[in-house]
Amino acid sequence: MNPFNEKPCKIEKCVSDWKKLYPTAYNKHDTDAYTKVRTILLNGTEFEQAWFMHQLSRHTADNNLRRDIAFLRNLEQQQQKRISFFKPKDETMLETTISYEQLAVDLTAILAQTEKNKYVKAALDFALLEDFDHLYRFSDLLEMEQGISGEKLVGSYTEIMPGRPTIAEHRHPFDNVRRSISCDASLATKLHTMTITAAEQQTMNFYMNLGTFYPTSDLGRKLFLEIAMVEEEHVTQYEALMDPNATWLECLLMHEYAECYLYYSAMNEETNDVAKKIWTAHFEQELAHLHYAADLLKKYENKEWAQVIPNAEFPPLLAFNDNCEKNKHYIRNILKNTVGNTSVLEEYTDLNNVPDDYEYFKYNSTVNKSPSYVASHKVIDTYINEFGEDYRFTVADHPVKTLRNRKEDNINIARKKDC
């Protein structure tokens, strides 16, 4: 499908009343895990668009453009509120967190398997193992403090076991900046960088703003604090990949195109009736938003949409359900081959190849001055002390032998040499 060839509704018809903005929330007990994942992804996509347009307004003095952007942003904000309130009020913060990390894991794995740009793929593979570890640590906290099985929440779609230990993920900020893609990168690569940035940014914001409200324990609050800092690293990495040379209105057009693509993907695989209606309605609205953005590009920059997106046919759609088994095999392979990696400026390498005096070791040991106080380690250590071994959901032995021990949390791999 080429969304530019579709006839949109009039942009004024996109305004919703309060009844539409407050949908019937899903039932957390019987809703498919991937419906919850799509809800978070599309919420994050709407936030990214709204926040981008706020930045656009702050970087132009043209009040006519500001008014045009304000109208479009209002429509995006209405969509965001509708998605946000689709989540039920009885879903606990930690239950929601498991869905956030499942999204991070499975979305990253799907994009990495289809990404043709080797550098972008390497970035996806690198952060994949870190989000995978976050899912494991939050799942142990969930089972320990709420008696809820992570396996049940992820619908058995996603394995739960250690990745690159979170304690090893705390790098000097210099080492989180990446090389940008070029303006002639493929449409799929541009979509991938935009999508993963929006998803990780949503996670960063969730932990950054709500972690302090975790009600059950100080240990849980500390875990949110720690992993929120890693999400800052991930957003730094992914936003650096995006094309920095596009104009504001070219970026606006790409944002609207990405939203059309993601809603169209979601509506084509959704199994929840209410969610499917929301995704479908929002796709139809996004068509109007896209054409509106194309008109703004023409009006203010005298450019046609085809100059920005020459071949606007959607790439293969984003599908979660069809890829869950492939994801399991893929993640296991990346774990086996790259769990000991770190980053050195724009590149990735095995920690054993890093000079002993490199900044990583100083920064990591400063942040983790007392490993027994590091929340990501203490959660697992506490769980093991209470139950004898950690909580996992796996379909086979861990692919990394040194991470198979369920009675001791490994805090050395990818953090200390020869481990």
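Up top you'll find the structure we're talking about.
The structure contained in this document is the topic of the report that follows.

Calculation rules
- Residues numbered from 1 in each chain as written.
- Predicted model: local features only at pLDDT ≥ 70, side-chain atom pairs only at ≥ 80, totals over all residues.
- Heavy atoms only, no water.
- Pairing = 2+ DSSP bridges.
- Helix = DSSP H or I, 4+ residues; strand = E, 2+ residues; numbered from the N terminus.
- 1 Å grid on protein atoms, 1.4 Å probe; cavity = no way out; pocket = protein on both sides within 12 Å on 5 of 7 lines; lining within 4 Å.
- Points joined across faces, edges and corners; volume = space filled by probe spheres on them.
- Nonpolar A, V, L, I, M, F, W, Y, C, P; charged D, E, K, R; others polar.
- Salt bridge = Lys/Arg side-chain N within 4 Å of Asp/Glu carboxyl O.
- Axes fitted to C-alpha atoms, helices over the stretch in contact; angles between N-to-C directions.
- Parallel < 35°, antiparallel > 145°, perpendicular 65-115°, else oblique.
- Left-handed = near helix turned anticlockwise from the far one by under 90°.
- Contact = heavy atoms within 4.5 Å.
- Phe/Tyr/Trp six-rings, centres within 6.5 Å; stacked < 30°, edge-to-face > 60°.
- Buried < 20%, exposed > 50% of the residue type's maximum accessible area, 1.4 Å probe, protein only.

Looking at the pairing of strand 2 (residues 347-350)
And then number 1: Across four bridges, strand 1 (residues 341-344) lies against strand 2 in antiparallel orientation. Paired with Val344 across the strands is Glu347, a residue of strand 2.
And then number 2: Adjacent in sequence and paired antiparallel, strand 1 and strand 2 are bridged by two residues, among which Leu345 carries a positive phi angle near 55 degrees.

A closer look at empty space enclosed by the protein
And then number 1: This structure, assessed with the given rule, holds four cavities of 30 Å³ or more.
And then number 2: Taken together, Thr45, Glu48, Met194, Thr195, Thr197, Ala198, Met242, His255, Ala258, Glu259 and Leu262 make up the full set of residues lining the largest cavity.
And then number 3: Mapped onto the lining of the largest cavity, the elements with two or more residues apiece are helix 2 (33-58), helix 7 (187-210) and helix 9 (248-269).
And then number 4: Partitioning the lining of the largest cavity into residue classes produces five nonpolar, four polar and two charged.
And then number 5: Lining of the second largest cavity is provided by Arg38, Leu41, Leu42, Leu262, Ser265, Ala266, Glu269, Leu318 and Phe320.
And then number 6: Contributions of two or more residues to the lining of the second largest cavity are made by helix 2 and helix 9.
And then number 7: It is helix 9 that contributes the most residues to the lining of the second largest cavity, four residues altogether.
And then number 8: Partitioning the lining of the second largest cavity into residue classes produces six nonpolar, one polar and two charged.

Things to note about the pattern of salt bridges
Note on pairing: side chains with opposite charge can pair once their charged atoms come close.
And then number 1: Counted according to the given criterion, the structure contains 22 salt bridges.
And then number 2: Between Glu301 and Lys303 there is a salt bridge, with the nearest N and O atoms lying 3.3 Å from each other.
And then number 3: Connected through shared salt-bridge partners, Glu130, Arg164, Arg171 and Glu233 make up one network.

A short note on the packing of helix 3 (residues 63-84) against helix 10 (residues 273-301)
And then number 1: Two numbers describe how helix 3 lies on helix 10: the axes approach to 11 Å, and their chain directions differ by 165 degrees. Accordingly, the angle class assigned to the pair helix 3 and helix 10 is roughly antiparallel. Relative to helix 10, helix 3 is oriented so that their crossing is left-handed. Judged by residue contacts, Asn64, Leu65, Asp68, Ile69, Phe71, Leu72, Leu75, Glu76, Gln79, Arg82 and Ile83 of helix 3 engage Ile278, Trp279, Ala281, His282, Gln285, Glu286, His289, Tyr292, Leu296, Lys299 and Tyr300 from helix 10.
And then number 2: Taken together, the residues of the contact of helix 3 with helix 10 break down into twelve nonpolar, five polar and five charged.

Considerations on unusual backbone geometry
And then number 1: At Asn302, a position not held by glycine, the phi torsion is positive, near 55 degrees.
And then number 2: Tracing the backbone shows Asn302 in the loop between helix 10 and helix 11 (305-308).
And then number 3: A positive phi angle, close to 55 degrees, is found at Leu345, a residue other than glycine.
And then number 4: You can see Leu345 is positioned in the loop between strand 1 and strand 2.

So, the layout of surface pockets
Empty space among the atoms becomes apparent when a probe as large as a water molecule is rolled across them.
And then number 1: In this structure, the largest pocket encloses a volume near 670 Å³.
And then number 2: As for the largest pocket, its lining consists of 24 residues, and the residues nearest its centre are Met242, Asp243, Ala246, Cys251 and His255.
And then number 3: Those elements that place two or more of their residues in the lining of the largest pocket are helix 2, helix 7, helix 9 and helix 11.
And then number 4: For the lining of the largest pocket, a count of residues per class yields twelve nonpolar, seven polar and five charged.
And then number 5: Looking at the second largest pocket, it is lined by 19 residues, and the ones nearest its centre are Ser84, Tyr100, Gln202, Phe206 and Leu210.
And then number 6: Sorting the residues of the lining of the second largest pocket by element identifies helix 2, helix 3, helix 4 (93-114) and helix 7 as the ones contributing at least two each.
And then number 7: If you tally residues by element for the lining of the second largest pocket, the top one is helix 7, at five residues.
And then number 8: Across the lining of the second largest pocket, the residue classes tally to eight nonpolar, nine polar and two charged.

Looking at the packing of aromatic side chains
And then number 1: All told, the structure shown has 26 aromatic pairs when counted by the stated rule.
And then number 2: Both rings, one in Phe138 and one in Tyr207, keep their centres 5.5 Å apart while their planes meet at 55 degrees; by these two values the pair is tilted. Taken together, the residues span a long stretch of sequence, with Phe138 in helix 5 (residues 118-146) and Tyr207 in helix 7 at a distance of 69 residues. Each member of the pair Phe138 and Tyr207 is classed as buried.
And then number 3: Here the aromatic cluster, defined as three or more aromatic residues joined through ring pairs, consists of Phe4, Tyr257, Tyr261, Tyr264, Phe283, Trp305 and Phe314.

Observations concerning the environment of Leu135
And then number 1: Position of Leu135 relative to the elements: it lies in helix 5.
And then number 2: With a relative accessible area of 0%, Leu135 lands in the buried category.
And then number 3: As a C-alpha pair, Leu135 and Thr338 span 203 residues in sequence and 18 Å in three-dimensional space.
And then number 4: Ignoring any residue separated from it by four or fewer positions in sequence, one finds Leu135 in contact with Ile98, Glu101, Gln102, Val105, Val154, Thr158, Glu159 and Ile160.

Thoughts on the packing of helix 4 against helix 5
And then number 1: Orientation of helix 4 relative to helix 5, taken along the N-to-C sense of each, is 155 degrees, at an axis distance of 8 Å. On the basis of the axis angle, helix 4 is roughly antiparallel to helix 5. Where helix 4 crosses over helix 5, the two elements pack in a sense that is left-handed.
And then number 2: Of the residues that constitute the contact of helix 4 with helix 5, the class distribution is 14 nonpolar, six polar and five charged.

Just geometry here; none of it tells us what the structure is for.
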